[in-house]
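Chain by chain, the residues:
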Amino acid sequence: MYKKSTTGWLKHLDFLIIDIISLEIALFCSYFVRNGFPSIFTDVLYRNMAFVFLLLDVFVMFFGETFSGVLRRGYYQELVATVKHSVTVILLAVLYLFAFQRGNDYSRIIMFLTGGIYLVLSYITRRLWRLYLEKVKFKEKGKRSMVIIAARDNVDDVVYELVESNYERMDINGIVVVDVDMEGEKILGIPVVANKENAIEYICRQWVDEAFIHLSENMPDREELITSLIEMGITIHYSMIKLDAILTKKQYVEKMGPYMVLSVGGNMITMRQALMKRLMDIAGGIVGCIITGILFLFVAPVIYIKSPGPIFFKQTRIGKNGKKFKIYKFRSMYVDAEERKKELMEQNKVKDGMMFKMDYDPRIIGCEKGPGKGIGNFIRKTSIDEFPQFINVLKGDMSLVGTRPPTVDEWEKYQFHHRTRLTIKPGITGLWQVSGRSSITDFEEVVKLDTQYIADWNLGLDIKILFKTVRVVFKRDGAA
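This is a predicted model, so every value here is computed, not measured.

So, how was this worked out
- Residues numbered from 1 in each chain as written.
- Predicted model: local features only at pLDDT ≥ 70, side-chain atom pairs only at ≥ 80, totals over all residues.
- Heavy atoms only, no water.
- Helix = DSSP H or I, 4+ residues; strand = E, 2+ residues; numbered from the N terminus.
- Buried < 20%, exposed > 50% of the residue type's maximum accessible area, 1.4 Å probe, protein only.
- Contact = heavy atoms within 4.5 Å.
- Areas by Shrake-Rupley, 256 points an atom, 1.4 Å probe, with all protein chains shown as cover.
- Patch = residues over 30% accessible without salt bridge, like charges linked within 9 Å, V, L, I, M, F, W, Y side chains within 5 Å.
- Salt bridge = Lys/Arg side-chain N within 4 Å of Asp/Glu carboxyl O.
- Core = buried A, V, L, I, M, F, W, Y, C linked by side-chain atoms within 4.5 Å.
- Pairing = 2+ DSSP bridges.
- Lys, Arg positive; Asp, Glu negative; His and termini not counted.
- Charge placed at Lys NZ, Arg CZ, Asp CG, Glu CD.
- Polar contact = N/O pair within 3.5 Å; in protein donor to acceptor, adjacent residues only side chain to side chain.
- Phe/Tyr/Trp six-rings, centres within 6.5 Å; stacked < 30°, edge-to-face > 60°.
- Lys NZ or Arg CZ within 6 Å of the ring centre and 35° of its normal.

**Observations regarding the overall build of the protein**
The helix and strand tally for the protein stands at 14 helices and 14 strands. The proportion of buried residues among the 480 residues of the protein is 49%. Residue pairs in contact within the protein that sit at least 24 positions apart in sequence constitute 70% of those at least 6 positions apart. In the form shown here, the protein has an accessible surface area of approximately 24300 Å², with 60% of it arising from carbon and sulfur atoms.

**Things to note about a nonpolar patch on the surface**
Judged by side-chain polarity, Leu275, Met276, Leu279, Ile282, Ile286, Ile290, Ile294, Phe296, Leu297, Phe298, Phe312 and Leu394 come together as a nonpolar surface patch covering roughly 1100 Å² of accessible area. If you tally residues by element for the nonpolar patch, the top one is helix 8 (residues 271-306), at 10 residues. Inspection of the secondary structure assignment puts Leu297 in helix 8. Judged by relative accessible area, which is 61%, Leu297 ranks as exposed.

**Let's talk about the nonpolar core**
Considering soluble globular proteins, one finds that nonpolar side chains tend to be buried as a cluster. Ranked by size, the top nonpolar core spans 29 residues in total, and within it Met398, Leu400, Phe443, Tyr453 and Ile465 carry the most contacts. Every element with two or more residues in this core is listed here: helix 8, strand 12 (324-330), helix 11 (389-395), strand 13 (399-401), helix 13 (443-456) and helix 14 (459-475). Among the elements that line this core, the one with the most residues is helix 13, at 6 residues. With residues near it in sequence (within four places) discarded, Met398 still touches Asp281, Phe325, Ile327, Gln389, Asn392, Val393, Arg404, Lys425, Pro426, Gly427 and Ile428. Core analysis: the second largest hydrophobic core is formed by 26 residues, Ala199, Ile200, Val208 and Met219 among them.

**Details of the side chain of Lys277**
In this structure, Lys277 sits in helix 8. Discounting residues that sit within four places of it in the chain, Lys277 has contacts with Ser399, Val401, Tyr453, Trp457, Leu459 and Asp462.

**Brief notes about the pairing of strand 3 (residues 170-177)**
Most of strand 3 is tucked away: 7 of the 8 residues are buried. Here 7 bridges tie strand 2 (residues 144-150) to strand 3, and the two strands are oriented parallel to one another. The partner of Arg144 across the bridge, within strand 3, is Met170. Sheet topology note: the strand 3/strand 5 (residues 190-194) ladder contains 2 bridges and is parallel. Bridge pairing in strand 5 places Val176 opposite Ala194.

**Regarding helix 7 (residues 222-231)**
Of the residues making up helix 7, those classed as buried are Arg222, Leu225, Ile226, Ser228, Leu229 and Ile230. Contacts from the buried residues of helix 7 go to strand 2, helix 6 (199-205), strand 6 (210-214) and strand 7 (235-239). Of the residues trailing helix 7, Gly233 is marked for its positive phi of about 85 degrees.

**Observations concerning a positive patch on the surface**
Together, Lys464, Lys468, Arg471 and Lys475 give the surface a local cluster of positive charge. With respect to the helices and strands, Lys468 occurs in helix 14. Among the residues examined, Lys468 registers a relative accessible area of 31% and is labelled partly exposed.

**A closer look at unusual backbone geometry**
Backbone geometry places Gln101, a non-glycine residue, at a positive phi of 55 degrees. For Gln101, a relative accessible area of 70% gives the class exposed. With a phi angle near 55 degrees, Leu188 is a residue other than glycine that sits in the positive phi range. Checked against the element boundaries, Leu188 lands in the loop between strand 4 (186-187) and strand 5. Residue class for Leu188 comes out exposed when judged on its relative accessible area of 54%.

**Quick look at the environment of His85**
With respect to the secondary-structure elements, His85 resides in helix 3 (residues 75-99). Along the sequence, His85 and Val60 sit 25 residues apart, while their C-alpha atoms lie 7.0 Å from each other. Leave out the neighbours within four places in its chain, and His85 touches Asp19, Asp57, Val60, Met61, Thr66, Tyr118 and Arg126. A distance of 2.5 Å separates the side chain of His85 from the side chain of Asp57, its partner in a polar contact.

**A short note on the side chain of Arg127**
Positionally, Arg127 belongs in helix 4 (residues 108-135). Among buried Asp, Glu, Lys and Arg side chains, Arg127 stands out as unpaired, with Glu78 the closest opposite charge at 4.5 Å. Each residue touching Arg127, except ones within four places of it in the same chain, is listed here: Arg73, Gly74, Tyr75 and Glu78.

**Re the pattern of salt bridges**
Between side chains of opposite charge, a pair can form when the charged atoms approach closely. Scanning the model with the defined rule gives 13 salt bridges in all. Across the pair Glu78 and Arg126 runs a salt bridge, and its minimum N-O distance is 3.0 Å. In this pair, Glu78 is assigned in helix 3 and Arg126 in helix 4, connecting sequence segments 48 residues apart. For the salt bridge of Arg152 with Asp156, the shortest nitrogen-to-oxygen distance reads 3.2 Å. What makes Asp156 partly exposed here is its relative accessible area of 35%.

**Concerning the packing of aromatic side chains**
For the structure shown, the criterion picks out 9 aromatic pairs. Relative to Phe312, the ring of Phe296 has its centre 5.7 Å away and its plane inclined at 10 degrees; by these criteria the two rings are stacked. Taken together, the residues Phe296 in helix 8 and Phe312 in strand 11 (residues 312-318) connect sequence positions 16 residues apart. On the accessibility criterion, Phe296 (31% relative accessible area) is partly exposed. An aromatic cluster is present here, built from Tyr31, Tyr46 and Tyr106 joined pairwise through their rings. Note that Arg127 overlies the ring of Tyr75, its terminal NZ or CZ placed 4.1 Å from the centroid.

**Notes on the environment of Val253**
Mapping Val253 onto the fold places it in strand 8 (residues 250-256). Judged by relative accessible area, Val253 falls into the partly exposed class, the value being 44%. Considering only alpha carbons, one finds Val253 and Val264, 11 residues apart in sequence, at a separation of 8.8 Å.

Next comes the structure, spelled out in C-alpha cells:
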C-alpha cells in the first residue's frame, strides 16, 4: 500500500513548529526586557496574546503558503519570505488588539521588540534547520527503499537529480541499467544491482518498496517490466508518458526531484489515514502489551515446566515489501520444532508449501497427551501465543490488522503476484483469518483475500476485522 507524499501545509510541519517556538521566545524575551523578571503568565493580556500569536502564525502560514519551496530558496529569497511573514503576523496581532479594544493596554515596545526578535530568530532557525536537513537528515537511510531503473544514456543524470533532490528521504539502494550490463559498478556511490534479464528476480528477493523508472517509449520489453513490477505490488514512479499497462491501477501524479511522475499502487492512503492507523496500532499495542505481561505470569511457568527453554519464540519473518524483522510469540512448541519441520512437510495441508498447517502437529508442547491436549494446543486454540506480537506492533514492524507475515522459506517460493500481499505491514489478524483461518488451505485464496483487503482498505474495515477476530477467537472457530 502506497502512502503518497504530503503536498499540503503539513508537508513542512517541522518548519511551522520551529517558527512557532521562535515567535513565543520572541514574545517572552520582549516581555522580560520591558517588565523585568515577573512571569508573563501572571498577566492575563500577555498570556492570552501568547496563544493568539500561535493561532496567527498558523493562519498566515496556511493561507500565505510561507514554507512553499522553503528547501529550494536562497538566502535572499528566504529573507524576503521571512520579513513578509513576520510583518503580516505582527500587523494581524495589532489588528486583533484594536478590534478587542486592548491596544492601549498592550505595550508598543513589547510589540515592536517581539516583531524584531521574531524576524531574526525565524530567519536563523529556518536556515539552520534547512542546513541540518541537507547535511544530516537527508543523508540518513530512509524508511522507504527504492531502486532506479533507467537506460545507460540517461542513468547518470537520473541518479544525480534524485540523489540531490531526495527531500522524501528515499533509501536509494540500487540501480538497474536495462540496455547495458553494468552489474557490480557504482554510480554516485549507488551500486548497479541488476540488468534487464535479472531485474525482476532481484527486486522480488530484496527489500524494495518503490521503483523509479525513466525509460523511453521505444525501449524493448518496457511494458513487460512495468507489468511484472505491478504484479509484485511494487509502487512505481514513471515519467509522464502513456502506458496502457497501468491504467487499471490507482494512480497519483506527483513530483520527484525535477521529474513529473505517475505513481501507481494497489491502494493509496493519505497522511491523515496513515496517522490514524498508526495511532490505533499504538493504542492497541499498549493494551496488548499490558495483557501480554499479565498472561506471562500464568503461561510462562507452565511452558517452562513442560518444556525447559525460552518462554518466547523468536523467528525471522518477511514484512512490508520484503523487509525482514523478528516476530515474537509465546513458545507453543518444543525447542527443536524448526528442525523437525522438514520431516513433516509431507503432511502439510497447504499446497506447494506456501504455508505450513497440520491437523496433528507432534511438535506442540504436551501433544503426547492426545490431539488438542496440552499447554501448547491450549495457547494456540485460544490465540494466547499471538499476544507477544503486540510488541511488534508497538515497534512498527506489524499492524493490528494486515496480512500474515511469511517465513523466509515460504517467501523464497513466492511467485511474482504473491508479493502483492507484502505491500502493507503484516498484521496480527487480517481478512483471511476471519474468513475461515485454518479451514483455508489454498494459498491462492489467501492471496486473493489479502489483495482484496489492500484494495478496499479503510479504517472502518480494520475495526470491523478486529471485532470479527474477537468473535472468532472466543468461538475458537478455525484457530490454527
